[in-house]
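Observations on chain architecture
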Amino acid sequence: MNREDAMKRVVRIAGVALVLLLICALLGWAMLPRWNNQPYTDHIGVTSADPAIVPANIAIAHEGQYQTRETQLSIDVGDGETLPAVLREPINAPGKRPACLFIHGSGTSGAEDFGDIANAMASAGIVTLVPAKSNDDYTVFHRDYPRFAGEYSTAMDVLRGIDGVDQSNTGIYAESEGTWIATVLASKRHDIAFAALTSAPVFKGREQMAVAMSTYAHEAGAPKPVIEDTMKLLSLDYKPFGFQYADFDADYYLKSLTMPVLVSYGVYDTAMPIEQGAQRIMRVAARSGNKAVTVRYFAGNHQMRAGKGLFAPGLPLADGYTQALENWVNGVAAGASTSGWATPQVAGVQPNQQYAAPSRTNSGIIGSLGVLVGVMLAGPILLGAALLLGLVATLRAAWRERDNGFVRMPGKRAALYTVPPSHARGTMSASITEPCWGLGVSLLTASALLYGYLAAVGAAAVFAMTPAPGLFDIGWHAVQVIAILSVIILAWSGEVMWSIRHSITGLQRATCWLVIAAAVFTLLSMAFWGLFGWA
C-alpha cells in the first residue's frame, strides 16, 4: 500500500468514526428522559430550633412516669396465618389509656422491632402494640400494600380490644415505607384517632427515589452525567420484573389523613423528601379541612437515630424524639388539637433538602427496564457466541490441514497439493482475526469498566462512602475515552473487513457479523449511560 492509499484509508476510518460518534451522541440525547432532577429551593420555615411538643394548658403524662409490662401475643390474620406481637402497657396508669399500633417500614419486620420507642411511649402512659410483618410474597420485586393494610387492621382491632385501652384515642405509628401502608389503612377505616408518620416518602416510589438517588450520587461525588443516568433508570417501565409498587398511588391515599398527624424527619436523611414531603402533607390535609398537622425535624438519620448513613446499627435515638412523640400522642388524646399547643407547628433542626421530587417521570426512547437489560446483556452474549464460533472455525481449519495440506490419491504413492500452504492461509486468517479480536477485546473492556464504575458509584452512594475528591469524575472521563477508542476500533475493523469481504466466507463471515452485532448493542448501551454526551 502506497502513502496515498494509506492516507485515504485513514480518512475513511476517521470519517466513519466521526459518523458513529455523532449517531451515538444523538441516541444518547434521545434516551434522556423528558424531565431532570432539580435542586429544591422552596425550603420550609422552622419557627423554633427546639423540637419539643407541649400542649397548651393541659397536664399530660411524660416519659418514665410509669413502669411497663410486656406481653407476647399471637394475632390471627386469616388464611391460617398468625403473627407474633408484643404488647407494652403502663403499669397502674389510671383510666382509659391512649394506644398506638406500630407499622413496619422496609427495613423492619419483627415483633421485637421498635422496642425502645414502644417502651418509652408505654412509660408515658400509652399502650403500644408491635405486630410482626408477614414477609410472604414480600420481595424486592413485589409488595402488596393493601394486603398489609388488612393485616394491620386486624392488629388494630386486637389493640382496641385490650382492657384499659381508650378506643376513641387509638392511632398508628409508621416509618418509611410503612407510611404508605398507613395511608391505605386510614382509607379503609375511619376510627384512627391519630397518625404519627416518620421518614415518610409521601410521593410515588420512583419520585421519592429521584430525590434519594440524586442526593446519593451527588454526595458520592459522581459527575452530572451519572446523576442524569439515575433519572433514566427511574423513568423506565419495570413491569417485566415486577416493581409495580414503584408506581403506588401515594396521592390517592394521602387524602385519607383527616386525623391529627405528626410528621417527623431526620435532617440527615438523604433518602426522603424531608421538606417537600412535610409541605405536601400539610397542603393535602388543609384541602380536607385538617389543620392538625405538626412537623418536627431531628438531628437524626432515616431510622431517626443520632447519626448519618443508612446502615449504622446500635445508634441511639435522636435527642428529644420519643419525648416529642409521647407528648404529642398524649396531647392529642387530651384534646390539644382543639385547644391548641404551646409550641409551634413546625420546629426542630433546620432541614436542607437538596433535590426536589419530580412531578413527572417520562422516559426517553428506551422506556422499559427489560429492553435496557436486554441491550446490556446482548453485547457480551454475542461476543461469547463469536468466540465459540471462532474456536470452531479454528479447529475446523486445523482438522482440514492435519495432513499438512496433502490429499492421498487412491492407488497412487504420490501426493498432490490441493490447499494453499499453511503460511499462506495463516495470512488470510490473521487479516480476518485481528480486527475481530481487537474489536471484541475493546468492547469487553469498555463494558466491564462502565458497569464496574456504575456499581462503584452506587455502592459509595448507598453506603455513604466518599472517595478522594474528583476520583469519580476522573473515572468517568477515563471510561469515556475507552468508549471513544472502541468506536475508532470499530471503524478500523469495519474498514478491514469490508476490504476483504469477498474472501470472508462460512464460519468466518458468521463470526464477523456476530462481533459487529455485539458492537452495535454495546455502543447502544454506552449511549444510554451517557458516555457520548460530550458531543
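Residues numbered from 1 in each chain as written. Predicted model: local features only at pLDDT ≥ 70, side-chain atom pairs only at ≥ 80, totals over all residues. Heavy atoms only, no water.

We now examine the environment of Lys232. Within the fold, Lys232 resides in helix H6 (residues 224-235). According to the relative accessible area criterion, Lys232 is buried, its value standing at 3%. Residues Lys232 and Pro33, 199 residues apart in the sequence, show an inter-C-alpha distance of 5.6 Å. Ignoring any residue separated from it by four or fewer positions in sequence, one finds Lys232 in contact with Gly28, Met31, Leu32, Pro33, Ala527, Phe528, Trp529 and Gly530. (Helix = DSSP H or I, 4+ residues; strand = E, 2+ residues; numbered from the N terminus. Buried < 20%, exposed > 50% of the residue type's maximum accessible area, 1.4 Å probe, protein only. Contact = heavy atoms within 4.5 Å.)

All told, the structure shown has eleven salt bridges when counted by the stated rule. With a shortest N-O distance of 2.8 Å, Arg143 and Glu177 are connected by a salt bridge. Of this pair, Arg143 sits in the loop between strand E4 (127-131) and helix H3 (145-160) while Glu177 is found in the loop between strand E5 (165-175) and helix H4 (178-188), placing the two residues 34 residues apart along the sequence. Here Arg143 and Glu177 have matching classes, each one buried. Residue Glu151 is joined to Arg147 by a salt bridge in which the shortest nitrogen-to-oxygen separation is 2.9 Å. Placement of both Glu151 and Arg147 in helix H3 is noted, with a separation of four residues, approximately one turn of the helix. Given a relative accessible area of 25%, Arg147 falls into the partly exposed group. Each member of the salt-bridge network shares a partner with another, and the members are Asp157, Arg160, Arg189 and Asp191. (Salt bridge = Lys/Arg side-chain N within 4 Å of Asp/Glu carboxyl O.)

Centre-to-centre distance and the angle between the planes together describe a pair of aromatic rings. Within this structure, the stated rule accounts for 14 aromatic pairs. Each ring, one from Phe114 and one from Tyr173, has its centre 6.0 Å from the other, and the planes form 75 degrees; the classification is edge-to-face. Of this pair, Phe114 sits in the loop between strand E3 (97-103) and helix H2 (115-123) while Tyr173 sits in strand E5; the two residues are 59 residues apart in sequence, bridging distant segments of the chain. For the pair Phe114 and Tyr173, one class covers both residues: buried. Here Tyr453 and Trp476 contribute two aromatic rings whose centre-to-centre distance is 5.7 Å and whose plane-to-plane angle is 45 degrees, an arrangement assigned as tilted. With a gap of 23 residues between them, Tyr453 in helix H12 (residues 422-462) and Trp476 in helix H13 (residues 471-499) connect regions that are remote in the sequence. Assigned by exposure class, Tyr453 and Trp476 land together as buried. Grouping aromatic residues by their ring pairs yields a cluster made of Tyr145, Trp180, Phe248, Tyr252 and Tyr253. Its guanidinium or amino end placed over the ring of Phe148, Lys133 lies 5.8 Å from that ring's centre, counting from NZ or CZ. Over the ring of Phe148 we find Arg147, and its NZ or CZ is 4.6 Å from the ring centre. (Phe/Tyr/Trp six-rings, centres within 6.5 Å; stacked < 30°, edge-to-face > 60°. Lys NZ or Arg CZ within 6 Å of the ring centre and 35° of its normal.)

With that settled, consider the pairing of strand E2 (residues 81-90). Here E2 lies mainly inside the structure; seven of its ten residues are buried. Across ten bridges, the pairing between strand E1 (residues 68-78) and E2 is antiparallel. Note on E2: the bridge partner recorded for Ile75 is Leu83. As consecutive antiparallel partners, E1 and E2 are separated by two residues, and within that stretch Asp79 has a phi angle of approximately 55 degrees, a positive value. (Pairing = 2+ DSSP bridges.)

For the rest of this paragraph, the subject is unusual backbone geometry. Positive phi, normally seen in glycine, also occurs at Asn57, with a value near 55 degrees. With respect to the element layout, Asn57 can be found in the loop between helix H1 (3-30) and E1. Assessed through its relative accessible area of 83%, Asn57 is described here as exposed. One non-glycine residue, Val202, lies in positive phi territory at about 70 degrees. With respect to the secondary-structure elements, Val202 resides in the loop between strand E6 (195-198) and helix H5 (205-219). Val202 gets classed as buried once you look at its relative accessible area, which sits at 4%.

The subject of this paragraph is the packing of H2 against helix H9 (residues 321-333). At a closest axis distance of 10 Å, the pairing of H2 and H9 adopts a crossing angle of 45 degrees. In terms of orientation, H2 and H9 fall into the oblique class. Seen along the crossing, H2 lies across H9 with a hand that is right-handed. In this structure, H2 contributes Ile117, Ala120 and Met121 to the contact, and H9 contributes Tyr321, Thr322, Leu325, Glu326 and Val329. When its residues are assigned to classes, the contact of H2 with H9 shows six nonpolar, one polar and one charged. (Axes fitted to C-alpha atoms, helices over the stretch in contact; angles between N-to-C directions. Parallel < 35°, antiparallel > 145°, perpendicular 65-115°, else oblique. Left-handed = near helix turned anticlockwise from the far one by under 90°. Nonpolar A, V, L, I, M, F, W, Y, C, P; charged D, E, K, R; others polar.)

Its twelve residues place the ends of H6 17 Å apart at the C-alpha level, agreeing with the 16 Å of an ideal helix rising 1.5 Å per residue. Along H6, the residues that are buried comprise Val226, Ile227, Asp229, Thr230, Met231, Lys232, Leu234 and Ser235. (Expected span 1.5 Å × (residues − 1).)

Okay, the confidence of the model for the protein next. Put simply, the protein has an average pLDDT of 85, and 89% of its residues get 70 or more. In this model, residues 411-431 is a region of pLDDT below 50 whose contacts with residues beyond four sequence positions or in other chains number 21 contacts. (pLDDT = per-residue confidence, 0-100.)

On the surface, a cluster of nonpolar side chains totalling about 270 Å² of accessible area is made up of Val140, Phe141 and Phe241. Secondary-structure assignment places Val140 in the loop between E4 and H3. (Patch = residues over 30% accessible without salt bridge, like charges linked within 9 Å, V, L, I, M, F, W, Y side chains within 5 Å. Areas by Shrake-Rupley, 256 points an atom, 1.4 Å probe, with all protein chains shown as cover.)

On to the nonpolar core. Counting 118 residues, the largest nonpolar core has Ile172, Leu197, Tyr265, Ile281, Tyr297 and Phe532 as the members making the most contacts within it. Here this core takes nine residues from H12, the largest share from any one element. Sequence-distant contacts of Ile281, that is, excluding residues within four places in its chain, are made with Leu197, Val202, Leu254, Leu257, Val261, Val263 and Val293. Counting 24 residues, the second largest nonpolar core, distinct from the first, contains Phe114, Met121, Phe298 and Ala324. (Core = buried A, V, L, I, M, F, W, Y, C linked by side-chain atoms within 4.5 Å.)

We now examine the sheet that holds E6. Pairing in this open sheet of nine strands is mixed, and the strands run E1-E2-E4-E3-E5-E6-E7-E8-E9 from one edge to the other. Each edge of the open sheet is held by one strand with a lone partner, namely E1 and strand E9 (346-348). Going across the sheet, the axis of each strand differs from the next one's by a mean of 20 degrees, ignoring polarity. Here four bridges tie E2 to E4, and the two strands are oriented antiparallel to one another. What sits directly across from Leu87, in E4, is Leu129. Across the sheet, H4 lies against E3, E5 and E6, angled at about 145 degrees from E5, the strand it touches most.

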